[in-house]
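# What the coordinates show
The chain contents come next:
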Amino acid sequence: MTNHKAKLIQTKEIAHRTKFFRFQFPEQFNFKPGNFITAKVAENTFRAYSIASSPNKLPELDLTIKLIENGIGSTYFDQLKTGDEVEFFGPFGHFILKKNNLKKIFIATGVGIAPMRCFWQDIQNKSAMHLFFGCRYEKELMLEKEIQKNTNITTEICISRPENPDFKGTKGRVTDLIKAKEADFFKNSEIYICGSTPMIDEVVKILTQDKNMPKEHIYFERFN
Ligand SMILES: Cc1cc2nc3c(=O)[nH]c(=O)nc-3n(C[C@H](O)[C@H](O)[C@H](O)COP(=O)(O)OP(=O)(O)OC[C@H]3O[C@@H](n4cnc5c(N)ncnc54)[C@H](O)[C@@H]3O)c2cc1C
């Protein structure tokens with residue numbers, strides 16, 4: 001397995017307890033949109049992260065990481081400073097963006113938005129894209145400005161437990177948004193889902209049982 005030493009060149013907090021990390025990778029490194037890499041975060045301890053930028057941005061590569069209280073990988077990444085080197089392995093994975101003319105529908109919760117960012121950066125033509133994005137709290141929302149700037153993406157965002165009593169957005173879960181759509185909306189499309197296992201299982205069930213989506217057009221990446 002090849003290892004790659006990459007230098008951290010930028011960090012930024014992009015949501016509550018969620019950080020963006022930009023690395024400078026060695027020139028020979030390459031990957032496919034949707035791949036993940038693993039980082040050595042302690043002795044014999046590795047964590048997987050989806051690549052959150054397109055291969056066309058290399059040698060720069062972005063990760064978005066949710067910092068979990070006392071998590072080994074979270075603590076390791078949180079203490080990094082620009083200029084530090086991280087040891088990565090990969091790329092890995094089968095959650096790869098297909099190059100065809102089908103409409104792309106992305107469904108993500110929380111930091112599951114990471115591979116979707118890689119996808120929308122990679123799609124250079126005017127392909128139709130639709131993003132369903134759900135977070136628990138308003139403060140967990142991320143990348144809204146970048147999404148709004150991309151005129152090829154239509155978006156539906158929901159918050160399941162808004163904290164602001166004057167919250168004006170859509171309250172609910174991504175599964176509610178998908179249930180509410182007509183089956184026709186999903187015709188001639190491919191669906192890419194990323195987030196937790198219970199969310200993915202529920203979404204796949206709705207799509208295949210209620211929306212007549214063929215299983216072969218549904219791809220997913222489980223984070224936990
Ligand atoms: C293919 C793949 C891609 C991934 N990509 C990303 C990514 O792009 N960004 C990202 O942030 N993570 C991603 N993950 C998750 C990541 O690999 C780690 O599992 C996660 O960050 C927790 O690692 P940790 O070492 O900080 O916590 P750990 O030390 O492993 O866990 C600490 C404690 O937190 C609990 N815990 C673990 N995950 C969560 C969670 N999500 N919410 C609440 N509690 C939790 C554990 O059960 C444990 O009790 C990905 C996982 C996979 C399999």
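Residues numbered from 1 in each chain as written. Predicted model: local features only at pLDDT ≥ 70, side-chain atom pairs only at ≥ 80, totals over all residues. Heavy atoms only, no water.

## Some thoughts on the nonpolar core
Under the convention used in this document: For the purposes of this section, nonpolar cores are sets of buried Ala, Val, Leu, Ile, Met, Phe, Trp, Tyr and Cys residues that join through side-chain atoms within 4.5 Å. Relative accessibility decides the category of a residue: with a 1.4 Å probe and only protein chains considered, values under 20% of the type maximum give buried, values over 50% give exposed, and everything between is partly exposed. In this text, helices come from DSSP runs of H or I with a minimum length of four residues, and strands from runs of E with a minimum of two, each type numbered from the N-terminal end. In this analysis, two residues are considered to be in contact whenever any of their non-hydrogen atoms come within 4.5 Å of each other.
One finds Phe106, Ile113, Met116, Trp120, Leu131, Phe133 and Tyr192 to be the most contacted residues of the largest nonpolar core, which totals 23 residues. Secondary structure elements with two or more residues in this core: strand E7 (103–109), helix H2 (114–122), strand E8 (129–135), strand E9 (153–159) and strand E11 (189–195). The element that contributes the greatest number of residues to this core is E8, accounting for four residues. Contacts of Trp120, omitting those with residues within four sequence positions, involve Ile113, Met129, Leu131, Leu143, Glu146, Ile147, Asn150 and Ile153. Among the nonpolar cores identified, the runner-up in size contains 22 residues, and Phe25, Phe77, Phe88 and Cys118 belong to it.

## Here's the deal with the domain arrangement of the chain
Condition: Each domain's extent was defined by an automatic or database domain assignment. Simply put, the buried area is the total loss of 1.4 Å probe accessible area from both parts when two parts are fitted together. Salt bridge, as used here: a side-chain nitrogen of Lys or Arg that lies within 4 Å of a carboxyl oxygen of Asp or Glu. Note on residue classes: Ala, Val, Leu, Ile, Met, Phe, Trp, Tyr, Cys and Pro are nonpolar, Asp, Glu, Lys and Arg are charged, and everything else, Gly too, is polar.
For the chain, the assigned domains read domain 1 (3–92) and domain 2 (103–222). Placing the centre of domain 1 and that of domain 2 at their C-alpha centroids yields a distance of 23 Å. The partner domain 2 presents 14 residues to the 22 residues of domain 1 that form the contact. Taken together, both faces of the contact between domain 1 and domain 2 bury some 1500 Å²; the carbon and sulfur share is 59%. Taken together, the connections running from domain 1 to domain 2 amount to one salt bridge. The partner of Asp62 in a salt bridge is Arg117, with the nearest N and O atoms 2.8 Å apart. Looking at which element gives the most residues to the side of domain 1 that touches domain 2, the answer is strand E5 (residues 60–66), with four residues. Tallied by class, the residues present in the side of domain 1 that touches domain 2 amount to ten nonpolar, eight polar and four charged.

## Topic: the environment of Gly83
Here Gly83 lies in the loop between helix H1 (72–78) and strand E6 (85–92). Of the residues examined, Gly83 reaches a relative accessible area of 40% and is grouped as partly exposed. For the pair Gly83 and Ile9, spaced 74 residues apart in the sequence, the C-alpha separation amounts to 6.1 Å. Residue contacts for Gly83: discarding those within four places in its chain leaves Lys7 and Leu8.

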